[in-house]
Amino acid sequence: MMDYLKLAQDTVAKATARGVEAEVIIIDQQETEIQLGNGAVEQLSQSGSKGMGVRVIDDGRVGYAYTSAFTPESITQTWQTAVELAAVASSDEYRRLPQPQSLPDENLEIYDAALPQVTPEQKIDLAKRVEQAALAFDDRIVMVPKTRYTDAIEHVYLANSKGFAGTYDRTIAWSFVECFARDGEEVAEAYGLGASITFSELDADAIGRESAERALGMLGGEPVPTQTCPVIFDPLVSAELLGAIARAMSADAMQKGRSFLLDKLGQDIASDVVSMMDNGRMKRGIASAPFDGEGVPTSATRLIDEGVFQNVIYDTYTANKAGATSTGNAQRSSHREVPRLSMSNFYLQPGNLTQEEIIAGVSNGMYVTRIMQTGGIDPITGDCSMGAYGCWIEDGKLTKAVSGVTLATTLQDLLKNITAVGSDLRLVPLQGSISAPTIRVDNVTVGGTQ
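Residues numbered from 1 in each chain as written. Predicted model: local features only at pLDDT ≥ 70, side-chain atom pairs only at ≥ 80, totals over all residues. Heavy atoms only, no water.

Remarks on the side chain of T198
Along the chain, T198 falls in the loop between β6 (186–196) and α4 (204–217). Setting aside chain neighbours within four positions, we find T198 in contact with D112 and R284. (Helix = DSSP H or I, 4+ residues; strand = E, 2+ residues; numbered from the N terminus. Contact = heavy atoms within 4.5 Å.)

Some details on the environment of I286
Within the element layout of this structure, I286 appears in the loop between β8 (276–279) and β9 (300–305). When the C-alpha atoms of I286 and N345 are compared, they prove to be 7.3 Å apart, with 59 residues separating the residues in sequence. Apart from the residues lying within four places of it in its own chain, the contact partners of I286 are R170, I172, I197, N345, L427, P429 and S433.

Considering a negative patch on the surface
Together, D183, E185, E186 and E222 give the surface a local cluster of negative charge. Note on placement: E186 falls in strand β6. (Patch = residues over 30% accessible without salt bridge, like charges linked within 9 Å, V, L, I, M, F, W, Y side chains within 5 Å. Areas by Shrake-Rupley, 256 points an atom, 1.4 Å probe, with all protein chains shown as cover. Salt bridge = Lys/Arg side-chain N within 4 Å of Asp/Glu carboxyl O. Lys, Arg positive; Asp, Glu negative; His and termini not counted. Charge placed at Lys NZ, Arg CZ, Asp CG, Glu CD.)

A look at the packing of aromatic side chains
Here the structure, examined in full by the defined rule, presents 7 aromatic pairs. Seen in terms of ring centroids, Y4 and Y157 are 5.4 Å apart; in terms of plane orientation they differ by 55°. Their pairing is tilted. Taken together, the residues Y4 in helix α1 (residues 4–16) and Y157 in strand β4 (residues 141–160) connect sequence positions 153 residues apart. Pairing F164 with F291 gives two aromatic rings, centres 5.0 Å apart and planes at 70°, and the pair type is edge-to-face. Of this pair, F164 sits in the loop between β4 and β5 (165–183) while F291 sits in the loop between β8 and β9; the two residues are 127 residues apart in sequence, bridging distant segments of the chain. For the pair F164 and F291, a shared accessibility class is recorded, and that class is buried. Feature note: the residues Y4, F70 and Y157 constitute an aromatic cluster, connected by ring pairs. Sitting above the plane of the F70 ring, K50 keeps its charged end 5.0 Å from the centroid. (Phe/Tyr/Trp six-rings, centres within 6.5 Å; stacked < 30°, edge-to-face > 60°. Buried < 20%, exposed > 50% of the residue type's maximum accessible area, 1.4 Å probe, protein only. Lys NZ or Arg CZ within 6 Å of the ring centre and 35° of its normal.)

So, the sheet that holds strand β18 (residues 426–428)
Sheets are built from strands that pair by backbone hydrogen bonding, the pairs being arranged parallel or antiparallel. Taken together, 6 strands build an open sheet; the order of strands is β10-β9-β8-β13-β19-β18 and the sheet is mixed. In the strand order of this sheet, the two ends are held by β10 (308–309) and β18, each with one partner. In this structure, β18 lies alongside strand β19 (residues 433–436), joined through 3 bridges in antiparallel fashion. Paired with L427 across the bridge in β19 is S435. Across the face of the sheet, helix α5 (residues 235–247) comes into contact with β8, β13 (345–348), β18 and β19 while running at roughly 125° to β19. (Pairing = 2+ DSSP bridges. Axes fitted to C-alpha atoms, helices over the stretch in contact; angles between N-to-C directions.)

What about the pattern of salt bridges?
Counting across every chain of the model gives 19 salt bridges. D151 is paired through a salt bridge with K123; the nearest N and O atoms lie 2.9 Å apart. Of this pair, D151 sits in strand β4 while K123 sits in helix α3 (residues 120–137); the two residues are 28 residues apart in sequence, bridging distant segments of the chain. Its relative accessible area of 2% is what places D151 among the buried residues. On the basis of relative accessible area, K123 is assigned to the buried category, the value being 3%. When the shortest N-O distance is used, the salt bridge between K256 and D252 registers 3.4 Å. Classification of D252 as partly exposed rests on a relative accessible area of 29%. Here the salt bridges share partners, and the residues they tie into one network are E23, R55, E294 and R332.

These results come straight from atomic positions and should not be treated as a statement about function.
Structure representation (structure tokens):
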């Protein structure tokens, strides 16, 4: 078998002989995608991709080229092309490779050695069990139009001219199901999902049940009178809100003036029950890795600490620009792309209350299980307007289904008005690796009937 790390190092050496800085990444990935539609396998694909990306930096000028052919001729052409592109690029003094750092000797438990042995038949069976769990939950579940199973097995090799050389393996498996519930003329749609580093931890019954329960809970929904009240967001919805907030807490957003949190570092921006983290070293985190896409060791970064905005995330470029230190957040999903600044495992630190206890503390308000971004959630301005579905809360109990309402607040006010955080932290991998608990937000305008 080819020694890909040595190949990366040899390619770096050839490029740097031209008097430039060089970085080589090789990603070898195998993926499975299965989609069921109403019981039938509509798609089954197993694919492998392997490629090399070469980044050259010549006095602040960057050239990038990639190839999926590993012949000597193709590799030579790739690094030579990167050198040629760098020669004609615009110079930026902050474009440099990071200085090498030692990597912590820690097992992050991000690779499932059993996944490569799981057969396509076993994966199809899991998807079918997800679908059947939804259909069997209640006679009112009338259709499961889409059930998906996806996994990826990834091997990463990185070397650069600063002396860094490293490799790691990572896996992920996840399943998603969408179902429809009907009661008379009323129809409601919802989804369920699950994700893990390991195939064996996916719970087909729980994924299917979740989609059915959520769809049934939205049947018969009607608007409520327009009012300002507490709103409780379940974890799947909280994750969507956190995704927008996360995008505002990067050094790139700050440096470009594209964040509602601009110039707020060191200030109280949230209630004291709010602490947010980005942790690229989380054990069994689906975005965890020993080093980032530039070879910088990943880290745990406390972004908000008990309401105080403490930090943003950096890659090497934005750190150089700010005179700061990279937090190890240069991400790469493919050998075809240069590193980009992004969160790794981002989460709102959970509290001590159960979801039931949070609901019980509301005398009059809304429990939200689904949002539609009709007005949008804007991480630049903080504007936040959403169509919402869920249940009305009266005297601490869920009563009637609610639909056809709009929630209006701002991300600034939302952070300040979070008064309770649940203990039910949950991974929601729809916008990256975001984990969210149930949250209560006070003083939200619910727009319904007049």
